[in-house]
Amino acid sequence: MLKTADLNETTSNATLGHLIFGFPVTKRWKTSFGLVPYSNVGYSVIYNDENVNLGTVKYTFYGEED
């Protein structure tokens with residue numbers, strides 16, 4: 001959640017960490033395969049604000065998933 005005195009932003013998402021399939025091929029032979037994500041994506045939020053004393057102020061927030 002991002003929050004300031006007059007702004008509030010809430011987001012949520014559901015992700016699948018990995019996906020694995022397993023199944024029998026014959027009576028004695030079983031196999032499986034899976035998919036794993038290569039990387040996680042972070043976030044970058046840019047907010048411009050007008051300040052009477054400073055002019056335009058640019059706020060930048062960076063982060064990543066844990």
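The structure displayed is predicted, hence computed values, not measured ones.

Novice: What's the story with the overall build of the chain in this structure? I'm lost.
Specialist: Secondary structure summary: the chain contains zero helices and six strands in total. Reading the chain from its N terminus to its C terminus gives the helix and strand order β-β-β-β-β-β. Going through the 66 residues of the chain one by one, you find that 2% of them count as buried. Long-range contacts, defined as pairs at least 24 residues apart, comprise 9% of the intrachain contacts of the chain with a sequence gap of at least 6.

Novice: For this particular structure, what's the right way to read a nonpolar patch on the surface?
Specialist: A cluster of nonpolar side chains, contributed by Leu19, Phe21, Phe23, Val25, Trp29, Phe33 and Leu35, occupies part of the molecular surface with about 680 Å² of accessible area. Residue assignment for the nonpolar patch shows that the elements contributing at least two residues are β3 (19–24) and β4 (30–35). If one sorts the elements of the nonpolar patch by residue count, β3 sits on top with three residues. Within the secondary structure, phenylalanine 21 is located in strand β3.

What counts, and where the lines are drawn
Think of each chain on its own: its residues are numbered from 1, step by step along the sequence as written. Predicted model: local features are reported for residues with pLDDT of at least 70 only, side-chain atom pairs are reported and counted for 80 or more only, and whole-chain, interface and lining totals are derived from all residues. Excluding hydrogens and water, the side-chain values take into account all heavy atoms of the structure. Helix numbering and strand numbering both begin at the N terminus, where a helix is a DSSP run of H or I of at least 4 residues and a strand a DSSP run of E of at least 2. Note on classification: 1.4 Å probe, protein chains only; a residue is buried when its accessible area is under 20% of the maximum for its type, exposed when over 50%, partly exposed between these limits. In what follows, residue pairs with any heavy atoms lying within 4.5 Å of each other are defined as contacts. What goes into a patch is any residue over 30% in relative accessible area without a salt bridge, connected to like charges within 9 Å or, for nonpolar side chains (Val, Leu, Ile, Met, Phe, Trp, Tyr), within 5 Å. What sets the accessible areas is the Shrake-Rupley method with a 1.4 Å probe; for residues, cover comes only from the shown protein chains. Salt-bridge detection follows one rule: a side-chain nitrogen of Lys or Arg within 4 Å of a carboxyl oxygen of Asp or Glu.

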